[in-house]
Amino acid sequence: MTLNSSSATGMTSADLVKLKHFIIENLNRELENENPPIAKREEVVQQKMAEIFTRLRVNIPDSIRKQVIFEVRNEVLGYGPIQPLLDDPEVNEVMVNGPKKIYVEKKGKLIKTGVTFEDNEAVLKIIDRIILPLGRRVDAESPAVDARLPDGSRVNAIIPPVAIDGPSITIRKFRKDKLKMEQLVELGSITASMSEFLRACVISRLNIIVSGGTGSGKTTLLNVLSSLIPEDERIVTIEDAAELQLQQDHVVRLESQPASVEGRGQVSIRDLVKNALRMRPDRIIVGECRGGETLDMLQAMNTGHDGSLTTLHANTPRDALSRTETMVLMAGMDLPVKVIRQQVSAAIDVIVQQTRLKDGSRKVTAITEVAGMEGDTIVLTDIFKFEQTGLSPDGKILGQLKPTGIRPMFTPRLEAAGFKLPPEVFGANMADMLRRR
């Protein structure tokens, strides 16, 4: 139930909306005058609301009164109508497509909610509440903005005239409980053998790219892989919006910065990658490569910064290589394609393909070795692969994550680091024996 619904209280929907606005205006004014510390705001709001209701002597049922208090609290302390969606632990993403169409993602599925804003102005107020504390702006000249909520959730907002049907907000919620490799195995995202293999790759300082589509779980997997880095190594993380939750002690977190209102002060991901090389890192982790910084990342990987990790948008390991080539060209260097491919094949050891399947589940669908060059082509070898076998009656995708039977060419590097993985990890078979010859 919302305040816009009719009720048998003797008050119309319009009256209830007016009551809500009156309380909000009074609360905001009193909070502005008193300016209580953030830790005390909740307590002060509850107290002031009780005082306002006492002064007004409004006779409404307890259920309506509780709803008024609930919505006012969300408006004053949170993000209005979408606050309950952000509080729901099952919701991964909140999408506001104008004031009357609000969707969420739950368990990989998009669901339209019954939540609405009153009008475009109400959505714009929430956008301002998100970005103003960050010193950011959104207006007709700069109609799109990326930001981060205090809890780390990622926010993208875009307004008219670019957003034709009204201002739009997309919030990717920050996961508070950090997943571990064992949980990914329990969820069926990877197998125990894949887990063992990836752990060996990270600790052995192989350069790894996590590839996947939007919302496939790339950052979550990057988090899990990063958690395997030994405690005694210095880690520099570079992100557009800080999402990684590394538990190691020796971590330096860097975040890009957009230009100010005056157009000054921009610090790009590429600037931060270059700067990170001067910070004596043992590991460089870039949240996502999406432009010219890819060239700097490859050069870092090729000049002694082993064990680097990053993500990029691509649907297959082969697509990941094509996208890497494109992004290197975005650096503005006029390099021949063969030279770029030689850089890529020398720098990247492993591509981990993360996929959101049609049933909403997220899986690692391939772990692929970058095995060098043959002529002008980069050779890829699948070490593990997901094979779909069908659909269950309830629409779940059936299949198996299986080793291909091929040992990677970098096996000596794993063994030098103390990892003698048993043949069963790779599904030892005739293909393995042929490869050894």
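None of these values were measured; they are calculated from a predicted model.

### What to know about the sheet that holds strand 12 (residues 350-356)
Piece 1. Taken in spatial order, the nine strands line up as 9-8-10-11-7-12-13-14-15 in an open sheet, and their pairing is mixed. Each edge of the sheet is formed by a strand with only one pairing partner; in this case those strands are strand 9 (251-255) and strand 15 (397-403). The average undirected angle you get between the axes of adjacent strands in this sheet is 25°.
Piece 2. Inspection of the sheet shows strand 7 (residues 208-212) paired to strand 12 by five bridges, in the parallel sense. Bridge pairing in strand 12 links Ser211 to Gln353.
Piece 3. Strands strand 7, strand 11 (309-313), strand 12, strand 13 (362-374) and strand 14 (377-391) of the sheet are contacted by helix 11 (residues 317-329), whose axis makes an angle of about 135° with strand 14.
Piece 4. Sheet contacts for helix 12 (residues 337-347): strand 13 and strand 14; angle to strand 13, the most-contacted strand, approximately 120°.

### With respect to the confidence of the model for the chain
Piece 1. Per-residue confidence for the chain averages 87 on the pLDDT scale, and 95% of its residues sit at or above 70.
Piece 2. Note on residues 1-9: pLDDT is under 50 here. Beyond four places in sequence and across chains, it has 22 contacts.
Piece 3. Long-range and interchain partners of residues 430-434, a stretch whose pLDDT sits below 50, account for three contacts in this model, where long-range means more than four residues apart.

### A short note on unusual backbone geometry
Piece 1. Here Pro160 and Pro161 are connected by a cis peptide whose omega angle stands at 10°.
Piece 2. Structurally, Pro161 is set in the loop between strand 5 (154-158) and strand 6 (168-172).
Piece 3. Even without glycine at this site, Arg205 takes up a positive phi of about 65°.
Piece 4. Within the element layout of this structure, Arg205 appears in the loop between helix 7 (192-203) and strand 7.
Piece 5. Positive phi outside glycine occurs at Arg280, with the angle close to 50°.
Piece 6. With respect to the helices, strands and loops of the structure, Arg280 is situated in the loop between helix 9 (269-276) and strand 10 (283-286).
Piece 7. Take Arg280: its relative accessible area is 56%, and that puts it in the exposed class.

### Overview of helix 3 (residues 62-77)
Piece 1. Taking 1.5 Å per residue, 16 residues should reach 22 Å; helix 3 reaches 22 Å between its end C-alpha atoms and fits that length.
Piece 2. Among the residues of helix 3, Ile64, Gln67, Val68, Glu71, Val72, Asn74, Glu75 and Val76 are the ones counted as buried.
Piece 3. On its buried face, helix 3 sits against helix 1 (13-34), helix 2 (38-56), helix 4 (83-87) and helix 5 (120-131).

### Details of the packing of aromatic side chains
Piece 1. With the rule as written, the count across this model stands at three aromatic pairs.
Piece 2. Taking the centre distance of 6.1 Å and the plane angle of 25° together, the rings of Phe197 and Phe410 count as stacked. Taken together, the residues span a long stretch of sequence, with Phe197 in helix 7 and Phe410 in the loop between strand 15 and helix 13 (411-416) at a distance of 213 residues.
Piece 3. Centroid distance Phe197 to Phe426: 5.8 Å. Interplanar angle 85°. Geometry classified as edge-to-face. With Phe197 in helix 7 and Phe426 in the loop between helix 13 and helix 14 (430-436), the pair connects residues that are 229 residues apart, well separated along the chain.

### A few points about the pattern of salt bridges
Piece 1. Under the criterion given, the structure shown has 20 salt bridges.
Piece 2. Where Glu288 meets Arg290, a salt bridge forms, and the shortest distance between an N and an O atom there is 3.0 Å.
Piece 3. For Arg290, a relative accessible area of 39% puts it in the partly exposed group.
Piece 4. Arg341 is the partner of Glu325 in a salt bridge, and the nearest nitrogen-oxygen pair spans 2.9 Å. Placement of Glu325 in helix 11 and of Arg341 in helix 12 is noted, with a sequence separation of 16 residues between them.

Conventions and cut-offs
Residues numbered from 1 in each chain as written. Predicted model: local features only at pLDDT ≥ 70, side-chain atom pairs only at ≥ 80, totals over all residues. Heavy atoms only, no water. Pairing = 2+ DSSP bridges. Helix = DSSP H or I, 4+ residues; strand = E, 2+ residues; numbered from the N terminus. Axes fitted to C-alpha atoms, helices over the stretch in contact; angles between N-to-C directions. Contact = heavy atoms within 4.5 Å. pLDDT = per-residue confidence, 0-100. Buried < 20%, exposed > 50% of the residue type's maximum accessible area, 1.4 Å probe, protein only. Expected span 1.5 Å × (residues − 1). Phe/Tyr/Trp six-rings, centres within 6.5 Å; stacked < 30°, edge-to-face > 60°. Salt bridge = Lys/Arg side-chain N within 4 Å of Asp/Glu carboxyl O.

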